[in-house]
Amino acid sequence: MGKIFCLMGKSASGKDFIYKSLLAMEDLHLKHIVLYTTRPIRVGEVEGLTYFFCTDDEAQEMERAGKVIEMRSYDTVHGIWKYFTADDGQIDLSKQDYLMIGTPEAYGQIRDYFGAEAVCPIYVWVDDGERLARALKRERKQEEPKYAEMCRRFLADDRDFSEENLKKAGITRTFENREKEQIVADVAAYIRQVRE
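Here's a quick rundown of the structure.

Calculation criteria
- Residues numbered from 1 in each chain as written.
- Predicted model: local features only at pLDDT ≥ 70, side-chain atom pairs only at ≥ 80, totals over all residues.
- Heavy atoms only, no water.
- Phe/Tyr/Trp six-rings, centres within 6.5 Å; stacked < 30°, edge-to-face > 60°.
- Helix = DSSP H or I, 4+ residues; strand = E, 2+ residues; numbered from the N terminus.
- Buried < 20%, exposed > 50% of the residue type's maximum accessible area, 1.4 Å probe, protein only.
- Polar contact = N/O pair within 3.5 Å; in protein donor to acceptor, adjacent residues only side chain to side chain.
- Contact = heavy atoms within 4.5 Å.
- Axes fitted to C-alpha atoms, helices over the stretch in contact; angles between N-to-C directions.
- Parallel < 35°, antiparallel > 145°, perpendicular 65-115°, else oblique.
- Left-handed = near helix turned anticlockwise from the far one by under 90°.
- Nonpolar A, V, L, I, M, F, W, Y, C, P; charged D, E, K, R; others polar.
- Pairing = 2+ DSSP bridges.

Some thoughts on the packing of aromatic side chains
Here comes step 1: What the rule picks out here adds up to eight aromatic pairs.
Here comes step 2: Considering the side-chain rings of Tyr74 and Tyr83, the 5.7 Å spacing of their centres and the 75° angle between planes classify their relative orientation as edge-to-face.

Dropping the structure here:
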């Protein structure tokens, strides 16, 4: 049976780099799960690769059809943005291992849907000062920087990734992202270990 490796971390903790690097490692044979979101596309993102971008009406229709595995809603300074995983034919655990990005809440819902033996959490963390510097650098590259939203996300992460929430979700194995090549090697080694 295949596994879903759920990569988690606060904003600007390096998840995207780790995610892309792990997917590129041919010996891991990981397939990505594309999540859905109702938020606007950012510079550099690709429809169907970064996310499936949809309207709120389309998200509600998928929910009514019973295709939503897990969904998170964030009350941003630009309105409510939803992120969700859908049962849309992407996941077949009889054939493949998968890699996805999520939150402790999303991990818990994915685990409940597929079973604890099929879903493995990977939590990456970075010093908050470093994360804030990275987030600001990334936001400055946007055509229309949304600094207020960046700050809201930064503060919301303290709640979403609190020690209490991590413990409640059963997330105990953590990886500190000090150096990008090393963190990729460490997480890849962990994935290989879990598979043995």
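Structure's up, so let's keep going.
Section: the side chain of Arg131
Here comes step 1: With respect to the element layout, Arg131 can be found in helix H4 (residues 128–140).
Here comes step 2: Owing to a relative accessible area of 0%, Arg131 belongs among the buried residues under this scheme.
Here comes step 3: A polar contact is formed between the side chain of Arg131 and the backbone oxygen of Ser11, at a distance of 2.7 Å.
Here comes step 4: Sequence-distant contacts of Arg131, that is, excluding residues within four places in its chain, are made with Lys10, Ser11, Ala12, Ser13, Val126, Phe154 and Asp157.

What about the packing of helix H1 (residues 15–24) against helix H7 (residues 180–195)?
Here comes step 1: Remark: H1 packs on H7, axes separated minimally by 10 Å, with the N-to-C direction vectors making an angle of 55°. Considered as vectors, H1 and H7 are oriented oblique to each other. In the packing of H1 onto H7, the handedness of the crossing is right-handed. Facing H1, whose interface residues are Phe17, Ile18, Ser21 and Leu22, H7 presents Lys180, Glu181, Ile183, Val184, Val187, Ala188 and Ile191.
Here comes step 2: Of the residues contributing to the contact of H1 with H7, the split by class is eight nonpolar, one polar and two charged.

Observations concerning the pairing of strand E8 (residues 119–125)
Within a regular strand, side chains alternate between the sheet's two faces.
Here comes step 1: In terms of burial, E8 is a largely internal element, six of the seven residues being buried.
Here comes step 2: Inspection of the sheet shows strand E1 (residues 4–8) paired to E8 by five bridges, in the parallel sense. Opposite Ile4, over in E8, you have Val119 as the bridge partner.

Here's the deal with the sheet that holds strand E2 (residues 30–32)
Here comes step 1: Read from one edge of the open sheet, five strands run E2-E7-E1-E8-E9, paired in parallel fashion. The open sheet is flanked by E2 and strand E9 (174–176), the only strands paired with a single partner. Averaged over neighbouring strand pairs, the angle between their axes works out to 30° when direction is ignored.
Here comes step 2: Two strands pair when backbone bridges link them, and E2 and strand E7 (residues 97–102) are joined in this way by three bridges, in the parallel orientation. Its bridge partner being in E7, Leu30 is matched across the sheet by Asp97.
Here comes step 3: The sheet contacts of H1 involve E1, E2, E7 and E8, and relative to E7 the element is tilted by about 170°.
Here comes step 4: The strands touched by helix H3 (residues 104–114) within the sheet are E1, E7 and E8, with E8 carrying the most contacts at an inclination of about 170°.

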